[in-house]
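# Structural features, examined
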Amino acid sequence: MERFAVMLLIAIMLFGCTVPSRTWNESTTSTVSGNVSVNDTPPFIDGSNPLKNRPPVVSLTSGNLTGYAPFQPSPIYYSCDDEDGNLDYCQLLSDGVVIKDSRTAADMSLDSSEWPTFTTAGKHTLEFRAVDKEGETASSSIVFTVTSTGDQGSGGVTQIPMGMRSLYGGNLAWPVGCELGVNCSISNYPDLDKDGRASCGNTYEGHEGTDIAVNWDQMDKGMDVYAAADGVVQWVFDGRYDRCTSFGPDAVITNPDCAPPSEDMYPGGISGYQVCTDLGPYCSAQKRIEKGWTQCYFCFWGGNVVVIRHPDNPYVFVTRYDHFRTGSITVRPGDTVTAGQKIGQVGSAGRSSGPHLHFEVWSDWYAPLDPWTTSCTPQ
Ligand SMILES: [Zn+2]
């Protein structure tokens, strides 16, 4: 047992020595996030013989650009191939410098120990390149931004999984498994100044979130909802009816869960489309004075709701997700989640007239912010 412990210590020491790339300043929070794009060069075919002289193909198959400072990334996987078997070599370049080289067509990975060091803020490029014996090349590049937030403290990083769109300056992942304008739309933007208008598009007076709408067919097939940032699940409400089409008093005919609450609000209370939290440890006397709270609970009108806290994130305090499909929620209070992790599926529970995700971003307890001030679409 003791020998094992010593060997483990040596292994840790050795491993530590093989990772010289941790040149981040400990006091600097560094982010790899957002604006991740994969540009696949489409293979083109030699006109004289479509079965010969095909250019090679590279593609990114999976991977995450993840990491807190000191940077500890997840592996990236990519494939490199040439259909007519003439591959000469396959390379991975970091900001133009070859960091991995292969002479065979293969599914390849870039694991943590091979990961290049990104010590400067700004745009960086990882390029996957294949060259065949006819000298034709194909390449696929990932351009991403490394930002430094100076002395804002440790943590505070949201990593957007590769291939996912981002919003709020790259600090949040797009929270639905759909492509905006293709199979979903933003039906309402936030209206935080309560003037009934939103510069990006539709809204209604006092709407505090972003509504991302899909159709019933997509809901029935299952449209995933993702955590928009790393965090800890705060509250979960599930089990309410999920096919509401209206939410006035008449909605009780469809299902009582679609109609206005018939009871007063109270901590933990659930009635109609309303579900109320119990604030638990957040309900301190000091907090009540500090915040001017007279009530010690929050009520949501989304029926099936998830609220995630982001304790290490300097930009986002809480994200909130409403209207889930009944029984689809896959997280529980206290669970740690990462950006892009599935937390449930889109539904039409609560105060809803059709399948959509109502997505809120808070800067403090129940202080919604507008994540669309710099762009009206995910990046
Ligand atoms: Zn909404």
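Below you will find a few notes about this structure. If you're wondering where the values come from, they're calculated on a predicted model, not measured in any experiment.

All right, on to the coordination of the zinc ion then. Protein-derived ligands of the zinc ion are His-207 (NE2), Asp-211 (OD), Asp-211 (OD) and His-358 (ND1), with the metal-ligand distances lying across 1.9 to 2.7 Å. Here the zinc ion is ringed by four donor atoms whose angles at the metal span 52 to 158°, and the overall shape comes out irregular. Linear spacing of the donor residues for the zinc ion on their chain is H-x3-D-x146-H. Each member of the pair, His-207 as well as Asp-211, is classed as buried.

Once that is clear, we can look at the layout of surface pockets. In this structure, the largest pocket spans a volume of roughly 690 Å³. As for the largest pocket, its lining consists of 31 residues, and the residues nearest its centre are Tyr-204, His-207, Trp-301, Arg-351 and His-358. At the level of elements, β11 (185–188), β12 (210–213), β17 (299–300), β19 (318–322) and β22 (356–362) are the ones that each hand at least two residues to the lining of the largest pocket. It is β22 that contributes the most residues to the lining of the largest pocket, three residues altogether. Grouping the amino acids of the lining of the largest pocket by side-chain chemistry returns eleven nonpolar, 13 polar and seven charged.

Right, let's get into the state of the cysteines. Under the defined criterion, the tally for this structure stands at four disulfides. Linked covalently through their sulfurs, Cys-200 and Cys-376 form a disulfide whose S-S length is 2.0 Å. When the S-S torsion is -75°, as for the bridge of Cys-200 with Cys-376, the disulfide is left-handed. Remark: Cys-376 occurs in the segment after β23 (368–369) and Cys-200 occurs in the loop between β11 and β12; sequence separation between them is 176 residues. Across the disulfide from Cys-276 sits Cys-299; the S-S distance is 2.0 Å.

So, on to the sheet that holds strand β16 (residues 274–276). Taken in spatial order, the three strands of this open sheet run β15-β16-β17, and their pairing is antiparallel. Of all the strands in the sheet, the pair left with one neighbour each is β15 (270–271) and β17. As paired strands, β15 and β16 are joined by two bridges and run antiparallel to one another. Pairing of Ile-270 across the sheet is with Val-275, part of β16.

Moving on, we get to the pattern of salt bridges. It is possible for side chains of opposite charge to pair when their charged atoms get near one another. Applying the stated criterion to the full structure yields eight salt bridges. Among the ionic pairs, Arg-197 bridges to Asp-195, the shortest N-O distance being 3.6 Å. Residue Arg-197 is classed as exposed on the basis of its relative accessible area, which comes to 61%. In this structure, Arg-320 and Glu-360 form a salt bridge, with 3.1 Å as the shortest nitrogen-oxygen distance. Taken together, the residues Arg-320 in strand β19 and Glu-360 in strand β22 connect sequence positions 40 residues apart. Since its relative accessible area comes to 4%, Arg-320 is described here as buried. It is possible to trace a salt-bridge network through shared partners that takes in Arg-320, Asp-322 and Glu-360.

Now for the nonpolar core. Among the nonpolar cores identified, the biggest contains 33 residues, and Trp-174, Val-306, Tyr-321 and Ile-343 are the most heavily contacted of them. Elements supplying a minimum of two residues to this core: β18 (305–309) and β22. Broken down by element, this core gets its largest block of residues, three residues, from β22. The contacts of Trp-174, once residues within four sequence positions are left out, are Met-164, Arg-165, Ser-166, Leu-167, Leu-180, Cys-184, Ile-186, Ile-212, Tyr-226, Trp-372 and Pro-378. Judged by nonpolar contacts, the second largest core, of twelve residues, contains Trp-235, Val-275, Phe-298 and Val-305.

Before going further, it helps to spend a moment on the pairing of β12. On β12, burial covers both faces: Thr-210 and Ile-212 on one face and Asp-211 and Ala-213 on the other are all buried. Direction of pairing for β11 relative to β12: antiparallel, over a ladder of three bridges. Bridge assignment links Ile-186 to a residue of β12, and that residue is Ile-212. Sheet topology note: the β12/β22 ladder contains four bridges and is antiparallel. Pairing of Ile-212 across the sheet is with Leu-357, part of β22.

We now examine unusual backbone geometry. Of note, the phi angle at Tyr-168 is positive, near 55°, even though the residue is not glycine. In this structure, Tyr-168 sits in the loop between β9 (166–167) and β10 (172–173).

Criteria and cut-off values
- For every chain, the first residue of its written sequence is number 1, and the numbers climb from 1 along that sequence.
- Where local features are concerned, this predicted model is filtered to residues with pLDDT of at least 70; where side-chain atom pairs are given and counted, the filter is 80 or more; whole-chain, interface and lining totals use all residues.
- Processing note: side-chain calculations cover all non-hydrogen atoms of the structure and skip hydrogens and water entirely.
- Distances up to 2.8 Å from the metal define which N, O and S atoms are donors, and 3.2 Å serves for Na, K and Ca; water is absent from the atom set, so sites may look incomplete.
- Every angle between 85 and 135 degrees makes a four-donor site tetrahedral, while opposite donors more than 155 degrees apart, with all other angles between 65 and 115, make a four-donor site square planar and a six-donor site octahedral; other sites are irregular.
- Burial classes follow relative accessibility: with a 1.4 Å probe on protein chains only, a residue under 20% of its type's maximum area counts as buried, one over 50% as exposed, and anything between as partly exposed.
- In the cavity and pocket records, a cavity denotes points on a 1 Å grid over the protein atoms alone where a 1.4 Å probe fits but cannot get out, a pocket denotes an open set with protein on both sides within 12 Å along at least 5 of 7 lines, and lining residues are residues with an atom within 4 Å of a point.
- Grid points are joined across faces, edges and corners, and a volume is the space filled by probe spheres set on the points.
- Only DSSP runs of H or I covering at least 4 residues are called helices, and only runs of E covering at least 2 are called strands; the numbering of each starts at the N terminus.
- Note on residue classes: Ala, Val, Leu, Ile, Met, Phe, Trp, Tyr, Cys and Pro are nonpolar, Asp, Glu, Lys and Arg are charged, and everything else, Gly too, is polar.
- Disulfide assignment relies on a single distance test, namely cysteine sulfur atoms paired within 2.5 Å.
- Whether two strands pair depends on DSSP finding at least two bridges between them.
- Any Lys or Arg side-chain nitrogen located within 4 Å of an Asp or Glu carboxyl oxygen qualifies as a salt bridge.
- Only buried residues count toward a nonpolar core. Its members are Ala, Val, Leu, Ile, Met, Phe, Trp, Tyr and Cys residues joined through side-chain atoms within 4.5 Å.
- By definition, residues are in contact when any of their heavy atoms lie within 4.5 Å.

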